[in-house]
Amino acid sequence: MPADARRTLKLMTYADVTAEIERLRETAYRPLGAWSLGEICGHLSYYFRGSLTGFEFTLPWALRTFVGRPWVKRVLKTGVMKPGGKTVPDSVVTTVRSPAAEQALIEDCLMWLVRLDEHDGPLHDSPLAGKLSPEEWRRLHCIHAGHHLGFLVPAAEESAVLEETMPA
């Protein structure tokens, strides 16, 4: 599999995100980016938790209105987040220092997914785009998770692609 062959994941529900995280946790994978599964889960958890409990930061009104909101609307329309974007804020990048920390970040992420799935009320405003409906939040969370989890290629998938491309 080419080094830049990121997987395209179409995760539609919180259960889909949970299933993909569980699958990656249970199998060997090759990261195509800099983050492990735990680091990705730590990053995703920040946004899952924030949509339920509120965020510690918000972009200024002008940036939310003229940059963040159009960007989120485009992501929701296309279902795609392009790689190489800036992580906002920088503090949502977690470095894993041990297998125990890795597992703790994964468990925390799975817990927030359960809470989101069970939540039936309004959610907090996006720090990037302002007011989002619960459906917009779900779609954005699933696209965001698919974007990052697509950088982890399970060994079984990599082997299958190699077998398909090798001459008989």
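Residues numbered from 1 in each chain as written. Predicted model: local features only at pLDDT ≥ 70, side-chain atom pairs only at ≥ 80, totals over all residues. Heavy atoms only, no water.

Turning our attention to the environment of Y29. Following the sequence through the fold, Y29 ends up in strand β1 (residues 29-31). The residues touching Y29, leaving out its near neighbours within four places in the chain, are L24, S36, L37, E102, L152, V153, P154 and A155. Within the local environment of Y29, its side chain forms a polar contact with the backbone nitrogen of L37, the two atoms lying 2.9 Å apart. (Helix = DSSP H or I, 4+ residues; strand = E, 2+ residues; numbered from the N terminus. Contact = heavy atoms within 4.5 Å. Polar contact = N/O pair within 3.5 Å; in protein donor to acceptor, adjacent residues only side chain to side chain.)

A few words on the packing of helix α1 (residues 14-26) against helix α5 (residues 134-149). At their nearest, the axes of α1 and α5 sit 9 Å apart, and the two run at 20 degrees to each other. In terms of orientation, α1 lies roughly parallel with respect to α5. Between α1 and α5 lies a crossing of left-handed hand. Residue-level inspection shows Y14, V17, E20, I21 and L24 of α1 in contact with α5, the latter providing W137, R138, H141, C142, A145 and L149. Per-class residue counts for the contact of α1 with α5 are eight nonpolar, one polar and two charged. (Axes fitted to C-alpha atoms, helices over the stretch in contact; angles between N-to-C directions. Parallel < 35°, antiparallel > 145°, perpendicular 65-115°, else oblique. Left-handed = near helix turned anticlockwise from the far one by under 90°. Nonpolar A, V, L, I, M, F, W, Y, C, P; charged D, E, K, R; others polar.)

Before going further, it helps to spend a moment on the packing of aromatic side chains. This structure, assessed with the given rule, holds six aromatic pairs. Centroid distance Y47 to F55: 6.1 Å. Interplanar angle 45 degrees. Geometry classified as tilted. Overall, the relative accessible area of 19% leaves F55 in the buried class. Arranged with centres 6.0 Å apart and planes meeting at 15 degrees, the rings of F55 and W137 form a pair that is stacked. Note that F55 is positioned in the loop between α2 (37-53) and α3 (61-78) and W137 in helix α5, a separation of 82 residues in sequence. In terms of burial, F55 and W137 fall into one category: buried. Joined through ring pairs, the aromatic side chains of Y46, Y47, F55, F57 and W137 make up one cluster. (Phe/Tyr/Trp six-rings, centres within 6.5 Å; stacked < 30°, edge-to-face > 60°. Buried < 20%, exposed > 50% of the residue type's maximum accessible area, 1.4 Å probe, protein only.)

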